[in-house]
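Coordinates in review
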Amino acid sequence: MNFGFTEEQDLLRAEVRKFLNEKAPLEEVRKQCESEEGFDRGLWKQMAELGFAGLTIPEIHGGAGLDLVTLLVVLEETGRSLFPSPLLSNVVASQAIQRFGSEAQQARWLPGFADGTRLGTLALLEEGDDLSPDGVKLQAKKDGEEIILTGRKLFVPDAGNADVFVVAYRLSSGAEEVGLALVEKGSAGVSAADFAAMDLTKRVGSLELNDVRVPSDQLLCEGGPAWSAIQSLVELGAALVTAETVGAAEGALAITTSFAKEREQFGSKIGRYQGVKHPLAEIYVDIESYKSLVYYAFWALDEGHDDAALAISRAKAYASETFPLAGINGVQLHGGVGYTWEYDIQLYLKRGKWMRPIYGDADYHYDRIAQLGGL
Amino acid sequence: MDFQLSPQEEKFRDEVRSFLKDNLPAQGEKRPADFLAQWNAKVREKRWVGFSWPSEVGGGGGSLMEQVILKEEMARAKAPGLGTCFMGLAWVGPSIIQYGTEEQKQKYIPDILDGAYQWCTGYSEPDSGSDLASLKCKCVREGDEYVVNGQKIWTSIAMWSKMMILLVRTDTEVDSKHDGITCLLVEMDSEGLEVRPIKNMGGGAMFAEVFFSDVRVPVENRLGDEGQGWQVTVSALANERSSIAEVYGLRRKMDELEDLAERTVRAGQKAIEMPSIRRRLQRADIRIEAMRLNGQRFLTKQLRGDPLGSETSINKLHRAALEVEMGELAMEITGSASTLMRGSDVAPENGRWADYALGWPEVVIGGGTPNIQKNIIAERLLGLPKD
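In this text the structure is predicted, and so the values were computed from the model without any measurement. Per chain, the residues get numbers from 1 upward, laid out in the order the sequence is written. Chains carry letters and ligands carry numbers; both start at the beginning, A for chains and 1 for ligands, and go up in the order they are written. Residue-level local features of this predicted model are given only where pLDDT is at least 70; pairs of side-chain atoms are given and counted only at 80 or more, and the full residue set underlies all totals for whole chains, interfaces and linings. Working from all heavy atoms in the structure, the side-chain values ignore hydrogens and water.

**Here we look at the domain arrangement of chain A**
Residue and element names in this part refer to chain A. Where each domain starts and ends comes from a domain assignment, either automatic or drawn from a database. Assigned domains of chain A: these are domain 1 (7–118), domain 2 (121–222) and domain 3 (226–371). Once you take the C-alpha centre of each, domain 1 and domain 3 turn out to be 21 Å apart. Contacts between the two partners involve 22 residues from domain 1 and, on the opposite side, 30 residues from domain 3. When two parts are put together, the accessible area they lose, computed with a 1.4 Å probe and summed over both, is reported as buried area. Between domain 1 and domain 3 lies a buried interface of about 2300 Å² when both sides are counted; carbon and sulfur atoms form 66% of it. By definition in these notes, contact holds between two residues if any of their heavy atoms fall within 4.5 Å.

**Quick word on the pairing of strand 7 (residues 207–218) of chain B**
All names here are of chain B. In this sheet, strand 7 lies alongside strand 3 (residues 145–156) in antiparallel orientation, the contact comprising nine bridges. What sits directly across from V147, in strand 7, is R216. As paired strands, strand 6 (residues 193–198) and strand 7 are joined by six bridges and run antiparallel to one another. Counted as the bridge partner of L193 is F212 from strand 7. When DSSP finds at least two bridges between two strands, those strands are taken to pair. Strands are runs of DSSP state E lasting at least two residues, helices are runs of H or I lasting at least four, and both sets are numbered from the N terminus onward.

**Description of the state of the cysteines**
Residue and element names in this part refer to chain B. Count a disulfide wherever a pair of cysteine sulfur atoms falls within 2.5 Å. For the coordinates displayed, the defined rule picks out zero disulfides over all chains. Sulfur of C139: no disulfide; nearest cysteine sulfur belongs to C137 and is 7.6 Å away. Cysteine C183 shares no disulfide, and the gap to the nearest cysteine sulfur, in C139, comes to 11 Å. For every residue, the accessible area obtained with a 1.4 Å probe (protein chains only) is divided by the maximum for its type, and the residue is called buried under 20%, exposed over 50%, and partly exposed between those limits. Note on C183: relative accessible area 1%, which makes it buried.

**Description of unusual backbone geometry**
At D158 of chain A, a residue that is not glycine, the phi angle is positive and equals roughly 50°. Following the sequence through the fold, D158 of chain A ends up in the loop between strand 3 (146–157) and strand 4 (164–170). In the Ramachandran plot, W154 of chain B falls in the positive-phi region, its phi being about 60° despite a non-glycine side chain. Along the polypeptide, W154 of chain B turns up in strand 3.

**Describing the packing of aromatic side chains**
Here the aromatic set is Phe, Tyr and Trp, taking the six-membered ring for Trp, and pairing holds for ring centres within 6.5 Å; pairs whose planes are under 30 degrees apart are stacked, those over 60 apart are edge-to-face, and all others are tilted. Enumeration according to the criterion identifies 17 aromatic pairs over all chains in this entry. Seen in terms of ring centroids, F35 of chain B and W39 of chain B are 6.1 Å apart; in terms of plane orientation they differ by 35°. Their pairing is tilted. Remark: W39 of chain B and F35 of chain B occur in helix 2 (residues 35–45); sequence separation between them is four residues, near one turn of the helix. Across the pair, W39 of chain B and F35 of chain B agree in class, each one buried. Cluster of aromatic residues (ring-pair linked, three or more members): F3, F5, Y295, Y296 and W299 of chain A together with F3 of chain B. Geometry around Y117 of chain B places K162 of chain B over its ring, the cationic atom sitting 4.7 Å from the centre. Charge over a ring is defined by NZ of Lys or CZ of Arg lying within 6 Å of the ring centre and within 35 degrees of the ring normal. Taking the ring centre of F211 of chain B as reference, the NZ or CZ of R196 of chain B above it sits at 4.0 Å.

**Considerations on the interface of chain A and chain B**
Residue-level contacts link 43 residues of chain A with 43 residues of chain B. In terms of surface lost to chain B, no three residues of chain A exceed M1, F3 and L375 of chain A, which account for 22% of the buried area on that side. Any Lys or Arg side-chain nitrogen located within 4 Å of an Asp or Glu carboxyl oxygen qualifies as a salt bridge. Our count for the contact surface shared by chain A and chain B stands at seven salt bridges. Notably, a salt bridge pairs D363 of chain A with R279 of chain B, separated by 2.9 Å at the nearest N-O pair. Between N or O atoms, a polar contact is any pair within 3.5 Å; within protein, one atom must be a potential hydrogen donor and the other a potential acceptor, and residues adjacent in sequence are included only when both atoms are from side chains. Between the two partners, chain A and chain B, sit 26 residue pairs in polar contact (both at pLDDT 80 or more). Counting only elements with at least two residues in the side of chain A that touches chain B, the list comes to helix 7 (224–262), helix 8 (274–303), helix 9 (308–334) and helix 11 (362–371) of chain A. In this count, Pro and Cys sit with the nonpolar residues alongside Ala, Val, Leu, Ile, Met, Phe, Trp and Tyr, while Asp, Glu, Lys and Arg are called charged and the others, Gly among them, polar. Each residue belonging to the side of chain A that touches chain B can be placed in one class, and the counts come to 20 nonpolar, eleven polar and twelve charged.

Set out below in structure tokens:
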């Protein structure tokens, strides 16, 4: 029984934290996310060289070949520093190819993800914002071995920067008559752009496909297996987001707590008052609790345990309901300055808004829990 | 990270499982009249009563991990408790083992393990609840005896106990209120000691006021040194920090609630299918799972040799919130009938859930109120200034 990290993982955490503290303190984060691309490509390259970008990509494809629990350590740190990067999207896309792609597809795409030169993302949602099979409406026309895609994908993470999209499409009207294909940004008929988003540290956009011809060597899977593939990518995404949320929530709690230790009103530090202490203690209790849930979920994912999906949904439901409150309470406890652009707590409040719906909100995950045979 | 048991731990788990299979009647099967007596004798013989205590005093000498396995398996099988002397096993025994004299150990420990009689705990006073260390119960030494005068309150099962672990003030001229407190082991039939049960809001009486007028306690009944009482108490309560039993208790209650929601039909719809009820059940369910996993994270810390500190307040807060919420949920599920007490023919499960909804203060307030737990977290874990 060991619900903790290895020495190597602890060292990795220290290394990532040091890197981010040096290269991406919040004043840098603000500059990076307001830049054209929304992140610093040079830094991303450096992270790739340190092995953080391809952490879970097999060594034969240029990655470090480590498990998800090790990635969790990195995600907690990128979350803590609100680091703007394509890491999450890239992991989802690379895992899609690792899990469902052929040897040739893996050899073609994964090295670029690992060395930081290529960016990928999952394009799943459409109008209707529906994570069930019905939500996949983008129509595929078969043309021999190829397919032709037409339609619009919404809420695509890092859409504007992605070089390749893992696109969910519909073959026919049967519930699970869906497929997954890789679509390159440069292909004829593809256009992608980011929306104006609330959380500037997280880019999100749309992907338009207009009679896009996808050659057969870019198809990943179809039918029932494709739907379970999509489902498992949503689960993975939810797990990754929740892991980052643990770090982000600890960041929000840390800056609010240190504010409460400095700010004086009524002749005393406000952190002495129970009206300030108690909400902070409640935030702490919630963070520690979804932390336990998400740690277990990552372990269960690595071990291929059959309760991994349940564990993820529990963690995401809990975090989606409570992390946004950490931002709201954080702003409130700051008082007037919390409402300003200048103070950092607002960045965490916005992260809370971003994380609530992505890869399923609390309601979605409660329903998933019931579907999966939990309560 | 690794949640698997080692081969040796698995072997112990299998031993527990096969014991349970042999000695616990199957669900729904009628238990023989002498079942509990038999059970108590058998688990005592296995040395599973006081399993964490050293074998020299008659305990089981179980490792931390074995203790966890034993508790988990017992809870999962819905087995009766291990031993019957609740407070003796929970904190009186551990305190005596740590601070007691040889004579005290020989005199009290075997009886606690055998469940020969009950112990009660005389800590709280009318003006010293959350602020326990401000206690005033007066105690003066006269030769070989201490003379106690004062009052205790909220003393659970005082009326059924033979012995009490009592905190008194032996010194009022101290700089810190934590000094000058002494711990005594008192016979409940001592002259001048009076127990008055207090009726709680549920109508029952589990706790009492205890009055001391010139109660004489032999000096050999002092536990630890004079003035060391606070230390004795704090380390004794630290023994009660593992939340495994509570988690399984809540889990069992949750299963029963789910079952209640499944059987209850309101306006033609099963309660469990009402979205608002279902969400609340699910929310509680997730928190119980979080508590279980929090407990495993704390356990990992202990296994690595670090003592537990204030982080145990996390699960105490969860538990407090859940005990209240689950009682409310039972009321919400059963609607108008929820307000009926035992004896009404349409009271769900003969008023059991109504009792539950009136019973939470015992655990929610008893172990340190939620507001105190929040102060502990804010001050000791977040480093906010003391109030």
